[in-house]
Amino acid sequence: MKHKLVAAIGAAAMMTGLVACGGEGGDNSSKAPQERDETLTVWLMNDAQSTWPELVKDVNAQFKKKYPKVKVKVQYQQWGDKAKKLDTALGGDKFPDVVELGNTETMTYILNGALAEIDPEKYDNSDTWIQGLKDTCSFEGKLYCVPYYAGARVAIFNQEMFDKGAGTKELPQTEDELKKALDEVAEEYGDDKAFSPLYLPGRYWYAAMSYVAAYGGQIAEYDEGKGEWKATLSTPEARKGIEHFVNLVNEYNNGDRTKDEQDHANVMANKKAALIYGNGWEAGSVFGGENGNPELEGKIATAGMPGPNGKALPSFIGGSDLAVIQKSEAKDLAEEWISLFTSEKSMEVLASKNILPNNTKQLEPLKEKPETAPIANAVPDAWFTPIAPGWTAIESQNVLENMLLDILKGTSVADATEKADEEIDKLINNEV
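Fair warning: this is a prediction, and the values are worked out from it, not measured in the lab.

Rules behind the numbers
Residues numbered from 1 in each chain as written. Predicted model: local features only at pLDDT ≥ 70, side-chain atom pairs only at ≥ 80, totals over all residues. Heavy atoms only, no water. Buried < 20%, exposed > 50% of the residue type's maximum accessible area, 1.4 Å probe, protein only. Helix = DSSP H or I, 4+ residues; strand = E, 2+ residues; numbered from the N terminus. pLDDT = per-residue confidence, 0-100. Contact = heavy atoms within 4.5 Å. Phe/Tyr/Trp six-rings, centres within 6.5 Å; stacked < 30°, edge-to-face > 60°. Lys NZ or Arg CZ within 6 Å of the ring centre and 35° of its normal. Pairing = 2+ DSSP bridges. Axes fitted to C-alpha atoms, helices over the stretch in contact; angles between N-to-C directions.

## Comments concerning unusual backbone geometry
In the Ramachandran plot, Asn-125 falls in the positive-phi region, its phi being about 55 degrees despite a non-glycine side chain. Residue classification places Asn-125 among the buried positions, given a relative accessible area of 12%. Although it is not a glycine, Asn-354 adopts a positive phi angle of roughly 65 degrees. Among the secondary structure elements, Asn-354 is positioned in the loop between helix 14 (344–352) and helix 15 (360–363).

Written out as structure tokens, the structure is:
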């Protein structure tokens, strides 16, 4: 396995050119803090701008007290085009010093040498970082990013719609009971042909793979004997999960089934859905923020998503990490900014907004809090994508989404999964 990883790093490094080059902060690192006058560029995703902007402001204020002449430029990014923008920036001379990465993106940038190694001792609660996030920052015993926040997917539902349609403000605990309630909600709101009792987008691969996990399947597994990864979507267990997901999409989604989940909170905000399966923080996006519907405040709740066989649906462990770009000439400043932004004090701010902090110590109280219990309790048993050198967020996601679209268009599950396995085998074993 190790020689394949080394080969992967070598190939990636050739593609990224001088990404892994750069100094350790230049001569500026020896200057007194009050004399530092660099510009520190930070790329954060728009979630921070819409949901915890006061945390960004406070951290910048703390940073400025120590480094009064350093200019911190926080630039907010969108998930849809962030990776493309970052790849372009890394190939030039205008790149961020700090970047937020989704936990499915980190391995690509670790392997291509874009991220600087970090020392966990510089960060609060590093000894209790959530393992699923820490793993996405780890490679060959070293760490290349700092866990930022964790996420798990839960049922987000409109209590008013369930009350009117099914006579309950609580989400049923089994899938059979849930489907009965969804049928009743559909009957109540059936005059609106675009209304989906459960809005489950067809290209929502995170959800599809949760059903795969529910049946005991997985995307791929590592074969110790052969020393390579093997895609496993065509196994009976995985196929059952995919069929289950597709059946739910066909039965309950009356919207555009070819879409992904990027705007499903907006669909609910527009009262076109009674239930979505999303990140816990997306509940707030339904009634708050730029695109939320304030009329729905107090009517949106979260709960564990019922899955097949009478069990809860396993969730993907989502979340974000923060990394220092290897080419940065202000690595020490970047590290210090991240340290402030992920401190215990900062994690308290996220927890107060029902966002899961990066460590189990501060996660524990959220397991008992009604608003966060579903998502906090979903973290320990959550699944993750293969931690393989060839698993890249964009290419692998495209394979899974195309597989789901093919099935929705009429391709058999058997044919679609066999094709997907062939493509994933090539990706994760660096044969493309």
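## Examining the confidence of the model for the protein chain
With 93% of its residues at a pLDDT of 70 or more, the protein chain shows a mean pLDDT of 90. Low pLDDT (under 50) marks residues 1–25, which in the prediction has 40 contacts with non-local residues, meaning those over four places away or in another chain.

## Description of the packing of aromatic side chains
Taken as a whole, this structure holds 17 aromatic pairs when the rule is applied. Arranged with centres 5.6 Å apart and planes meeting at 80 degrees, the rings of Trp-52 and Tyr-149 form a pair that is edge-to-face. With Trp-52 in the loop between helix 2 (46–51) and helix 3 (53–66) and Tyr-149 in strand 6 (residues 146–151), this pair connects stretches of sequence that are 97 residues apart. No difference in accessibility class separates Trp-52 from Tyr-149, as the two residues are buried. Measuring from centroid to centroid gives 4.9 Å for Phe-63 and Tyr-67, while their planes differ by 35 degrees, and the two rings are tilted. Seen from the ring of Trp-43, Lys-85 lies directly overhead, with NZ or CZ sitting 5.8 Å from the centre. The positively charged end of Arg-153 is found above the aromatic ring belonging to Tyr-206, 4.2 Å away from the centroid.

## Re the sheet that holds strand 7 (residues 153–158)
Read from one edge to the other, the open sheet built from four strands follows the order 8-11-7-12, with strand pairing classed as mixed. Two strands in the sheet have a free side with no partner beyond their single neighbour: strand 8 (196–198) and strand 12 (300–303). On average, adjacent strands in this sheet sit at an angle of 35 degrees to one another, irrespective of strand direction. As judged from the four bridges shared by strand 7 and strand 12, these two strands associate in the antiparallel manner. In the sheet register, Asn-158 faces strand 12, and the bridge partner there is Ile-300.

## Let's talk about the environment of Pro-53
By the element assignment, Pro-53 lies in helix 3. Accessibility expressed as a relative area gives 38% for Pro-53, which makes it partly exposed.

## Points about the sheet that holds strand 2 (residues 71–77)
Reading across the sheet, the five strands line up as 2-1-3-13-6 and stay open at both edges, with mixed pairing between neighbours. Of all strands in the sheet, those with a lone pairing partner are strand 2 and strand 6, marking the two edges. Sheet twist, expressed as the mean angle between neighbouring strand axes with direction ignored, is 20 degrees. Of the strand pairs in this sheet, strand 1 (residues 39–45) and strand 2 are connected by seven bridges, and their pairing is parallel. Looking at strand 2, one finds that Met-45 is bridged to Gln-77. Across the face of the sheet, helix 13 (residues 331–341) comes into contact with strand 1, strand 2, strand 3 (98–102), strand 6 and strand 13 (318–324) while running at roughly 150 degrees to strand 13.

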